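# What the coordinates show
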Amino acid sequence: MAPPTPLLAVRGSDGTVLLRGPPTCEDHTEFQRDPRPSRQTAFSSDGTLFGWCNGQKVSVVKSSDGSLVLTLDLPKTTMLAFSPLNTILVTWQPYTKSQENPQGDANLQLWDLQSGSLLKALYQKKVETWCPSWSEDEKIAARSVNNELHFFENNEFNTIANKLHLQKVSDFVLSPGGQPSKVCVYVPGSKGSPSFVRLYQYPVLGGPTATLANKSFFKADRVAMLWNKKATAVLVTASTEVDKTGASYYGEQTLHYLAVNGESAVVQLPKNGPIYDVAWSPNSAEFCVVYGFMPAKATVFNLKCDPVFDFGTGPRNAVYYSPQGHILVLAGFGNLQGKMEVWDVKKYKQVSKPQAADSTFFSWCPDGEHVVTATCCPRLRVNNGYKIWHYTGTVLYKQDVPDSAELWAVHWQPFPDGSFPERAVKYQAAPPGDLGSTQAPPTQAYRPPALRNKPATASSKLHEEEPPQNMRPGDKQLSKAALKNQKKREAKKAAKQEAKPEPPSDPAPTTNSQSGPTCGDTETDKKIKNLKKKLKAIEELKEQQATGKALQKNQLEKVQKEEQLLKELEELELGL
């Protein structure tokens with residue numbers, strides 16, 4: 001059976017449309033394009049349903065044939081989402097209140113997708129944590145209410161099944177997968193006390209033995225918590241708004257590791273600077289971090305937080321694993337030039353180096369063969385559009401948005417795990433075709449005018465570049481100093497080769513003031529050479545004196561000996 005073709009949802013100022021992915025890359029004819037601007041679009045977790053809100057109503061259709069499943073008259077809705085088993089549709093609109101209704105209306109609504117009836121209406125003022133979090137089997141749902149967590153079982157939202165009481169719970173993340181469900185919670189520090197992150201396993205949320213793991217730290221204004229796919233460990237990126245040392249306007253970041261078996265550690269990053277991105281491998285056994293002042297480093301770590309492979313330095317600020325985990329992309333988007341490095345994870349061999357200039361969005365297609373890059377508004381209001389291309393660097397489809405319109409978002413239709421098998425990595429790009437290739441052209445670093453006609457040396461480079469290296473135990477690893485010395489030696493060798501003159505094809509005898517006949521007596525030749533050296537130094541001193549420079553006493557004495565030295569040189573040369 002042939003694998004399905006993923007759809008791409010495109011949302012912009014000129015409406016919402018579904019596009020069939022590669023290899024056809026054409027409009028999904030079964031879906032009727034909505035010309036009205038949509039505030040939000042969403043696929044269900046298995047990709048069978050597609051919903052959007054356009055300022056008039058909320059609509060849900062089947063992705064396969066575009067048949068209508070549900071429509072709701074909710075013109076103020078700005079957010080929507082599906083529960084994991086497509087049982088509930090969640091809608092959210094901004095919270096408002098008036099003099100007539102000082103309490104306001106419940107703005108978070110849960111709808112039964114089969115009947116279209118309202119199951120529960122709740123108050124949710126903050127948009128950051130607007131949607132409840134479900135386990136994949138929908139047996140547990142959780143939401144943050146007034147600095148505590150409320151848990152619901154079997155979609156019974158009228159009854160709170162359990163609560164997690166912690167002072168000022170700021171954020172939480174429910175583990176992926178089924179039972180037993182785990183939850184990671186963050187409590188910010190105050191009045192000299194540290195912030196901390198804790199892991200719990202539902203339903204044991206209280207008591208001295210309830211905590212699976214705990215990690216406390218001081219430098220944290222906010223955190224980002226990321227579970228691995230198997231729900232065995234969490235990566236926590238702690239950030240401060242301001243770097244008190246003044247080294248970076250990004251603030252300070254630290255990366256922490258917590259496992260459900262109680263282990264915790266600080267991930268040691270060998271280069272100072274911001275942490276731009278962190279991503280788990282789909283195998284849940286490794287993770288990649290992009291960090292450090294530009295040019296940034298990228299390193300893969302194992303579950304012991306030991307480095308496995310270092311990709312060296314480069315202009316990058318993002319990392320993306322393919323859904324199958326066999327390919328990794330390092331990219332520099334936003335204020336960087338859009339250069340990407342595609343790597344074969346198993347061999348740690350580079351596949352291609354495409355470039356998607358001005359890109360603000362990147363996403364892997366579920367088939368693990370294709371990606372989409374997009375330039376979206378409001379991050380960039382010019383040159384909006386998107387491209388679908390193969391990871392080897394061939395552009396398969398390109399859509400530019402007119403200057404009068406804006407592109408707001410694109411996202412792939414998700415599929416259950418195992419829908420697309422892993423394929424062998426290709427190292428040769430397909431023929432470019434009419435759309436060309438996104439391979440980055442080779443560029444040279446800027447060199448000041450004074451250095452442009454000279455061979456490149458390590459001292460003339462703006463940054464110390466570090467090559468990729470394997471960090472696995474047993475393999476020879478080079479320290480930072482050793483890498484630097486190795487690069488200096490290579491640059492020095494290359495400079496010598498470049499500066500080495502070509503031997504003349506037909507050498508002719510030449511005579512000059514520095515070379516002349518020799519007597520074969522080594523001592524006499526040495527004396528002649530030393531006399532000529534002294535006479536040359538005297539000539540330089542006389543030139544300096546002619547320009548008006550005052551000579552020192554010992555320099556004047558050297559000039560006075562010129563006649564004596566000339567006489568000695570003449571006698572030696574006549575004695576030949």
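Everything below is about the structure shown above.
A brief look at the structure comes next. (Residues numbered from 1 in each chain as written. Predicted model: local features only at pLDDT ≥ 70, side-chain atom pairs only at ≥ 80, totals over all residues. Heavy atoms only, no water.)

This part covers helix α4 (residues 562–574). Here α4 contains 13 residues, and its C-alpha end-to-end distance of 18 Å stays within 8% of the 18 Å for a straight helix at 1.5 Å per residue. Among the residues of α4, E562, L565 and L569 are the ones counted as buried. End-on, the buried residues of α4 take up no more than an arc of 65 degrees, which puts them together on one face. Among the exposed residues of α4, those pointing more than 90 degrees away from its buried face are E563, K567, E571 and L574. (Helix = DSSP H or I, 4+ residues; strand = E, 2+ residues; numbered from the N terminus. Expected span 1.5 Å × (residues − 1). Buried < 20%, exposed > 50% of the residue type's maximum accessible area, 1.4 Å probe, protein only. Arc of directions from axis to C-beta.)

Time to look at a negative patch on the surface. Together, E568, E570, E571 and E573 line one region of the surface with negative charge. Inspection of the secondary structure assignment puts E568 in helix α4. (Patch = residues over 30% accessible without salt bridge, like charges linked within 9 Å, V, L, I, M, F, W, Y side chains within 5 Å. Areas by Shrake-Rupley, 256 points an atom, 1.4 Å probe, with all protein chains shown as cover. Salt bridge = Lys/Arg side-chain N within 4 Å of Asp/Glu carboxyl O. Lys, Arg positive; Asp, Glu negative; His and termini not counted. Charge placed at Lys NZ, Arg CZ, Asp CG, Glu CD.)

Turning our eyes to something else, we now look at the packing of helix α2 (residues 522–546) against α4. Remark: α2 packs on α4, axes separated minimally by 10 Å, with the N-to-C direction vectors making an angle of 150 degrees. Here α4 runs roughly antiparallel to α2, going by the angle between their axes. Here α2 runs over α4; the crossing is left-handed. Side by side, α2 and α4 meet where T524, K527, I528, L531, K532, K534, L535, I538, E539 and K542 of the first sit next to E562, L565, L566, E568, L569, L572 and E573 of the second. Along the lines of polarity and charge, the residues of the contact of α2 with α4 split into eight nonpolar, one polar and eight charged. (Axes fitted to C-alpha atoms, helices over the stretch in contact; angles between N-to-C directions. Parallel < 35°, antiparallel > 145°, perpendicular 65-115°, else oblique. Left-handed = near helix turned anticlockwise from the far one by under 90°. Contact = heavy atoms within 4.5 Å. Nonpolar A, V, L, I, M, F, W, Y, C, P; charged D, E, K, R; others polar.)

Let us look at unusual backbone geometry. In this model, Y202 is joined to P203 through a cis peptide bond whose omega is 10 degrees. Within the secondary structure, P203 is located in the loop between β17 (195–201) and β18 (211–217). A cis geometry characterises the amide bond from C377 onward to P378, with omega recorded as 10 degrees. Note on placement: P378 falls in the loop between β32 (370–375) and β33 (385–390). Backbone geometry at N86 places phi at a positive 60 degrees, although glycine is not the residue there. Among the secondary structure elements, N86 is positioned in the loop between β7 (79–82) and β8 (88–92). One non-glycine residue, A231, adopts positive backbone phi at about 60 degrees.

The next subject is the sheet that holds strand β34 (residues 395–400). Pairing in this open sheet of four strands is antiparallel, and the strands run β31-β32-β33-β34 from one edge to the other. The open sheet has two edge strands, β31 (361–364) and β34, and neither has a second partner. Taking the axes of each pair of neighbouring strands and ignoring which way they run, one obtains an average angle of 10 degrees across the sheet. Pairing geometry for β31 and β32, over four bridges, is antiparallel. Bridging from a neighbouring strand, S363 pairs with V372 of β32. (Pairing = 2+ DSSP bridges.)

Where strand β9 (residues 108–112) and strand β10 (residues 118–122) come together, four bridges link them in antiparallel fashion. Residue pairing in the sheet places Q109 in a bridge with A121 of β10. Here β9 hands over to β10 after five residues, with G116 in that stretch at a positive phi of 80 degrees.

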